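# Examining the three-dimensional arrangement
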Amino acid sequence: MKDRKDMSERQRYFEELRKQQHNRKDFYAQQLLEIKQLLEMNEKEIRYNEGWINFHEKSIEGHKQQIKEIPHIDEKKEQEQKLKFHVEQIDKHHKKNIEYHNKEIDALKKEVQLFKEGIIRCGEQINHLNKKITENITN
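Residues numbered from 1 in each chain as written. Predicted model: local features only at pLDDT ≥ 70, side-chain atom pairs only at ≥ 80, totals over all residues. Heavy atoms only, no water.

### Let's talk about the nonpolar core
Soluble, globular proteins show a tendency: their nonpolar side chains are buried together. To keep it simple, the criterion reads: The set of buried Ala, Val, Leu, Ile, Met, Phe, Trp, Tyr and Cys residues whose side-chain atoms join them within 4.5 Å is what this entry labels a nonpolar core. The rule is simple: take the accessible area with a 1.4 Å probe, protein chains only, and divide by the maximum for that residue type; under 20% is buried, over 50% is exposed, in between is partly exposed. Helix and strand assignments follow DSSP, with helices taken as H or I runs no shorter than four residues and strands as E runs no shorter than two, numbered in order from the N terminus. Pairs of residues are marked as contacts when any of their non-hydrogen atoms sit within 4.5 Å.
Residues I35, L39, V112 and F115 are the most contacted members of the largest nonpolar core, which totals 16 residues. Elements with a minimum of two residues in this core: helix 1 (4–69) and helix 2 (73–138). When near neighbours in sequence (up to four residues on either side) are disregarded, F115 contacts F27, Y28, Q31, L32 and I35.

Structure follows, in structure tokens:
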């Protein structure tokens, strides 16, 4: 003989578990949206810094050419200082920024994978709980 109180408690228990799984699934989906925005921002920053590297590389070539062509030592020193500035900007600033954003992208891609797997897992758990709820009602 089935105890209706016991069945009712099981029903509430399974429904609460299902609600928790739905909440987790929704949380993971929201996190994926936020991560997508972060990925886009980091990719934009990489492109931005690559643009600056391109600018500095062109400037370096220009300064090297001027150093070859300028006969005055003072003007050569000025061009060498400008050349040094552009090299330092590339090495100490833009390359480090690109490295930082690439690391962020790698980490974010791992998070994307984890959240996608979490969404799949929650979906499977919800299906399992739906079956348990149906079994509890029909038995």
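### What about the environment of N127?
Relative to the elements of secondary structure, N127 occurs in helix 2. Judged by its relative accessible area of 47%, N127 falls in the partly exposed class. The spacing of N127 and E45 is 82 residues in sequence and 41 Å in space, taken between C-alpha atoms.

### Concerning the packing of aromatic side chains
Let me state the cut-off plainly: Only rings of Phe, Tyr and Trp enter the pairing, Trp through its six-membered ring, and a pair is recorded when the two centres are within 6.5 Å. The plane angle decides the type: under 30 degrees is stacked, over 60 is edge-to-face, the rest tilted.
Per the counting criterion, the structure on display carries 6 aromatic pairs. Taking 5.5 Å as the distance between ring centres and 55 degrees as the angle between the ring planes, the aromatic pair formed by Y13 and F14 counts as tilted. The buried category is assigned to F14, whose relative accessible area is 14%. An angle of 90 degrees between the planes, with centres 5.4 Å apart, marks the rings of W52 and F55 as edge-to-face. Within this pair, W52 and its partner F55 are both found in helix 1, separated by 3 residues, close to a single helical turn. By the ring-pair criterion, three or more aromatic residues cluster together here, those being F27, Y28 and F115.

### Here we look at the environment of Q89
Tracing the backbone through its elements, the reader meets Q89 in helix 2. Spatially, the C-alpha atom of Q89 lies 35 Å from that of Q113, the residues being 24 residues apart in sequence.

### A word on the environment of D26
Summarising the element assignment, D26 is placed in helix 1. Counting along the chain gives 97 residues from D26 to G123, while the straight-line C-alpha distance between them is 11 Å.

### Quick look at helix 2
Within an α-helix, residues lying three or four positions from one another point in the same direction, as the helix has 3.6 residues per turn. To keep things clear, this is the line we draw: To estimate the expected span of a helix, count its residues, drop one, and scale the result by 1.5 Å. The angle between axes fitted to the seven residues ending at a residue and the seven residues starting there is what we call the bend at that residue.
Over its 66 residues, helix 2 extends 96 Å from the first C-alpha to the last, a length consistent with the 98 Å expected when each residue adds 1.5 Å. At I90, helix 2 shows its maximal bend, which comes to roughly 35 degrees.

### Side note on the pattern of salt bridges
To keep it simple, the criterion reads: Any Lys or Arg side-chain nitrogen found within 4 Å of a carboxyl oxygen on Asp or Glu counts as a salt bridge.
Across all of its chains, the model carries 3 salt bridges by this definition. The partner of K82 in a salt bridge is E78, and the shortest N-O contact between them spans 3.3 Å. Of this pair, K82 and E78 are both found in helix 2, 4 residues apart, which corresponds to roughly one turn of the helix. On the basis of relative accessibility, which here comes to 43%, the residue E78 falls in the partly exposed class. The partner of E99 in a salt bridge is K103, and the shortest N-O contact between them spans 3.6 Å. Highlighted residues: E99 and K103, both in helix 2, separated by 4 residues, approximately one helical turn. E99 sits in the partly exposed class, given a relative accessible area of 46%.

### Focus on the side chain of N42
With respect to the secondary-structure elements, N42 resides in helix 1. Among the residues examined, N42 registers a relative accessible area of 2% and is labelled buried. Here N42 is in contact with H101, E104, I105 and L108, once residues within four sequence places are set aside.

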